[in-house]
Amino acid sequence: FFDEALPTRDLAPAPPEAPADDAQAGDEAEGAVEARASSVRAPAPELARSAMALLEAQLGHVGQGGRRVFLERFGDLPPTPALGRPCTSAALERLSFFVLGALITNLTERRQWLRSRDTHARLEHCCSRLQAAGSRPVLNLPGAGSWMSPGQSAFSSFALLVGIVALFVAKALGLLEPGVLTRLVGGSWQHDEPMSDAFDFG
């Protein structure tokens, strides 16, 4: 164990549910959603099942090729806790670390959750990340950190695009030619050609 052991009540299987008609099932589902949205603490096995379901949905977005790359990089998926069966704290701990490693995270966030000894909180964090991502890819696959990856934020991609455009404009104006910046800083920059000629790429 690395984490602190989860309390027994978090590991006990959920009691079997009595069969219900469609209307009653719908009402119960809505009640469950409302309960989860409140301050009710979801059991760790339930969080683990949610995390694995969301992870499978992410793998569905990357196709068979992406799934093969994922399995080669991270290994087989850990077993999902079966509904109505007890599970161990060690199994949930391994699952939480697996899901955390499979997500794109910055260095500070990764260190925080690798050092944490709270399995339940780590599972909650992983579920939150996956739910917030939706269909946007957040798996830590090769190339996922590229600015062209759809998993990157729109602001990061836009800022890099603006930088590239500014670089082309500077080149068109001749600002990148040797000695131009020195003359510009000294206040004696003079261009030999009209400004309009700088945009003549012919």
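See the structure printed just above.
Sequence positions are assigned chain by chain, starting from 1 and proceeding in written order. Side-chain atom pairs in this predicted model are given and counted only at pLDDT of 80 or more, local residue features only at pLDDT of at least 70, and totals for whole chains, interfaces and linings cover all residues. Computation of side-chain values covers all heavy atoms of the structure but excludes hydrogens and water.

### Focus: the pattern of salt bridges
Using the following cut-off: By salt bridge we mean one thing: a side-chain nitrogen of Lys or Arg within 4 Å of a carboxyl oxygen of Asp or Glu. Put simply, DSSP marks the helices as runs of H or I at least four residues long and the strands as runs of E at least two long, and each gets a number from the N terminus on. For every residue, the accessible area (1.4 Å probe, protein chains only) is compared with the maximum for its type, and the residue is labelled buried under 20%, exposed over 50%, or partly exposed between those bounds.
The full count for this structure, using the stated rule, is three salt bridges. A salt bridge links Arg122 to Asp3; the nearest nitrogen and oxygen atoms lie 2.7 Å apart. In this pair, Arg122 is assigned in helix H6 (residues 119-133) and Asp3 in the segment before helix H1 (8-11), connecting sequence segments 119 residues apart. With a relative accessible area of 0%, Arg122 lands in the buried category. Residue classification places Asp3 among the buried positions, given a relative accessible area of 3%.

### Some thoughts on helix H4 (residues 89-102)
In an α-helix, one turn spans 3.6 residues; hence positions three or four apart end up facing the same way. Defined as follows: Take the number of residues in a helix, subtract one, and multiply by 1.5 Å to get its expected span. Throughout, a residue-residue contact means that at least one pair of heavy atoms, one from each residue, lies within 4.5 Å.
Spanning 14 residues, H4 covers 20 Å between terminal C-alpha atoms, matching the ideal 20 Å at 1.5 Å per step. Taking burial as the measure, the 14 residues of H4 include 10 buried ones, the bulk of the element. Taken residue by residue, H4 has Ser89, Leu92, Glu93, Leu95, Ser96, Phe98, Val99, Leu100, Gly101 and Ala102 as its buried positions. Residues of H4 that are buried sit in contact with H1, helix H3 (44-74), helix H5 (107-115) and H6.

### Observations regarding the environment of Arg115
Topologically, Arg115 is positioned in helix H5. Counting along the chain gives 113 residues from Arg115 to Phe2, while the straight-line C-alpha distance between them is 9.3 Å.

### Brief notes about the state of the cysteines
Which entries qualify depends on this criterion: Here, a disulfide means two cysteine sulfur atoms that sit within 2.5 Å of each other.
In this structure the tally under the stated criterion is zero disulfides. You can see Cys126 has no disulfide; the closest cysteine sulfur is in Cys127, sitting 7.1 Å from it.

### With respect to the environment of Leu141
Position of Leu141 relative to the elements: it lies in the loop between H6 and helix H7 (154-172). Judged by its relative accessible area of 13%, Leu141 falls in the buried class. Taking C-alpha positions, Leu141 is 8.1 Å from Arg73, a pair spaced 68 residues apart along the chain. Apart from residues no more than four positions distant in its own chain, Leu141 is found in contact with Val62, Gly66, Val69, Phe70 and Arg73.

### Notes on the nonpolar core
This is how it is decided: Put simply, buried Ala, Val, Leu, Ile, Met, Phe, Trp, Tyr and Cys residues joined by side-chain atoms within 4.5 Å make one nonpolar core.
The biggest cluster of nonpolar side chains holds 29 residues, and the ones touching the most others in it are Leu55, Phe70, Leu92, Val99, Leu103 and Leu139. Counting only elements with at least two residues in this core, the list comes to H3, H4 and H6. Residue contacts for Phe70: discarding those within four places in its chain leaves Leu55, Leu59, Gly75, Leu77, Phe98, Ala102, Leu139 and Leu141.

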